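Structural characterization, general
In case you want the letters, here they are:
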Amino acid sequence: MAFTPRLSSSQQKQMEQLELDVMQDMYNRLSEACRNKCISKSYDEGELSKAESVCLDRCAAKYLEVYERVGKKLTAMYTAQMQPPEK
Amino acid sequence: MSMFQQGMMGGQDPQAVINNMRQFGTMFNIVTEECFQRCVYSLTDSSLKNDESKCADDCISKNFNASNRTMIMFMKEKLGQDPLTQPG
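Overview of the structure. (Residues numbered from 1 in each chain as written. Chains lettered and ligands numbered in written order. Predicted model: local features only at pLDDT ≥ 70, side-chain atom pairs only at ≥ 80, totals over all residues. Heavy atoms only, no water.)

1. Things to note about the state of the cysteines
All names here are of chain B. This structure, assessed with the given rule, holds four disulfides over all chains. The disulfide partner of Cys39 is Cys55, and the gap between their sulfur atoms is 1.9 Å. Judged by the torsion about the S-S bond (-65 degrees), the Cys39/Cys55 disulfide is left-handed. On the criterion of sequence distance, the pair formed by Cys39 in helix 2 (residues 14–39) and Cys55 in helix 3 (residues 50–79) is long-range, its members being 16 residues apart. For Cys55, a relative accessible area of 27% gives the class partly exposed. (Disulfide = S-S within 2.5 Å. Helix = DSSP H or I, 4+ residues; strand = E, 2+ residues; numbered from the N terminus. Buried < 20%, exposed > 50% of the residue type's maximum accessible area, 1.4 Å probe, protein only.)

Here it is, written out as structure tokens:
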């Protein structure tokens, strides 16, 4: 990003750690959302049923699709905001 | 300079840039979760249905607009800065 000020190496590391933290947070939210949507809470057995497995796969795919949309929307809004104002 | 630009640039302070990025990243994840919970109802397929996509787009826009507005109000009320009139 052209406008980012120079970061010291420790600040660089902070940025990298931050990226990891954000990704981890996203993963945890995805896991919880899909667990709630797909897994039966009665816990009759330890194995995933076929239905549960398929549900988890699709849930993850859809969650990530929403994630991508957020990224696209944000980029669009960001680009719009960064345009010089028409005066 | 718009509030958004100021926020993103962190006023040239590297630590502020990092803090803003953290804020931004968290908001990103919150919006993703919210819009998934509210809009995605069917798991018969691996990709979003048309109505789910539309709902998600609207949800994302609305949540970002709300976030922006809240931030402006917060800066104004709590910090005494009006980002819209602050000189660039």
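The rest of the description comes next.
2. Here we look at the interface of chain B and chain A
Listed by partner, the interface residues are 40 residues for chain B and 35 residues for chain A. With both sides pooled, the region where chain B packs onto chain A buries about 3800 Å², and carbon together with sulfur makes up 69% of that total. Among the residues chain B hides against chain A, the three largest losses belong to Asn29(B), Phe36(B) and Leu43(B). Together they make up 18% of the total. Our count for the chain B to chain A interface comes out at three salt bridges. Here Arg29(A) makes a salt bridge to Glu33(B), at a shortest N to O gap of 2.7 Å. (Contact = heavy atoms within 4.5 Å. Buried area = accessible area lost by both parts, 1.4 Å probe. Salt bridge = Lys/Arg side-chain N within 4 Å of Asp/Glu carboxyl O.)

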